[in-house]
Amino acid sequence: MIRLSLISRNKGQITLDAILAVMFLLLVSAFIFYNVSNTVSHLKDAEIVDRVYVIADVFENYALLSYSKNVNITTELKPIGLKNYTIYFGDKKIVVDTTKTIVFIPTSGGVRVEGDVEPSGQNLSNIINITYGNNEFYVLKNISIEIQ
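Cut-offs applied
By convention here, each chain's residues receive numbers from 1 onward along its written sequence. In keeping with the model being predicted, local features are shown solely for residues with a pLDDT of at least 70 and side-chain atom pairs are shown and tallied solely at 80 or more, while totals for entire chains, interfaces and linings include all residues. Computation of side-chain values covers all heavy atoms of the structure but excludes hydrogens and water. Strand pairing requires that DSSP identify at least two bridges connecting the strands. Put simply, DSSP H or I for four residues or longer makes a helix, DSSP E for two residues or longer makes a strand, and each gets a number counted from the N terminus. Here the axes come from fitting lines to C-alpha atoms, over the contacting stretch only for helices, and the angles between their N-to-C directions go from 0 to 180 degrees. By definition, residues are in contact when any of their heavy atoms lie within 4.5 Å. Here, a salt bridge means any Lys or Arg side-chain nitrogen found within 4 Å of an Asp or Glu carboxyl oxygen. Nonpolar cores are built from buried Ala, Val, Leu, Ile, Met, Phe, Trp, Tyr and Cys residues. Side-chain atoms within 4.5 Å join them into one set. The classification of residues rests on relative accessible area computed with a 1.4 Å probe and restricted to protein chains. Under 20% of the type maximum is buried, over 50% is exposed, and intermediate values are partly exposed.

Asker: Which residues make up the sheet that holds strand β5 (residues 118-132), and what values do they have?
Answerer: What the three strands build is an open sheet, ordered β2-β5-β6; its pairing is antiparallel. The two strands at the open ends of the sheet, each matched to only one other strand, are β2 (85-96) and β6 (137-142). Taking the axes of each pair of neighbouring strands and ignoring which way they run, one obtains an average angle of 70 degrees across the sheet. Lying over the sheet, helix α1 (residues 16-69) contacts β2, β5 and β6, oriented at roughly 35 degrees with respect to β6.

Right, here's the structure in full:
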């Protein structure tokens, strides 16, 4: 039979049941704390990845809009918080560590991007690759238009 009292018949002594109950509560509390802190960390990572996906979508949308309307579109890219990101497309890249201005120019075969753009040494046709921070995250997105 389990005793529910915290103090046994001898005054001042804590029963074994109370010690086991406190140990069980500590174990359950540690398990809950680990799960909550781990979930918070993953939620933060998920929010960053979601922002990077939005950047890839906006980049593609500007290219499609420029091509379909046959107009030049100028836009600014800004870092996410204190960390930078790099957009790789075609054989170029944009390192967004400060505010960068780029222009989408329609061509007969797709869209050319000019402005704060530098060569990347890669050749990604119809793919946007965005790396965040020190390669903490990366997002690959197939796009429906050729970006040069």
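Asker: Tell me what's going on with the pairing of β5, and back it up with residues and numbers.
Answerer: Where β2 lies against β5, eight bridges are found, and the strand directions are antiparallel. Among the inter-strand pairings, I87 is bridged to a residue of β5, identified as I130. Pairing between β5 and β6: six bridges, direction antiparallel. Residue I128 lies in a different strand from β6, and its bridge partner there is K141.

Asker: Report on the pattern of salt bridges, specifying residues and quantitative values.
Answerer: In the structure shown here, the tally under the stated rule is six salt bridges. E114 serves as the salt-bridge partner of R112, at 2.7 Å between the closest nitrogen and oxygen.

Asker: Help me get a handle on the nonpolar core, residues and values and all.
Answerer: Soluble globular proteins tend to bury their nonpolar side chains together. Core analysis: the biggest nonpolar cluster contains 26 residues, and F59, Y85, I87 and I94 have the highest contact counts within it. Looking at which element gives the most residues to this core, the answer is α1, with six residues. With near-sequence residues (within four places) excluded, I94 lies in contact with F59, L77, Y85, T86, I87, F89, K100, I102, V113, D116 and V117.

Asker: Mind laying out unusual backbone geometry, listing which residues take part and the relevant values?
Answerer: Of note, the phi angle at N70 is positive, near 55 degrees, even though the residue is not glycine. Mapped onto the fold, N70 is located in the loop between α1 and β1 (73-77).

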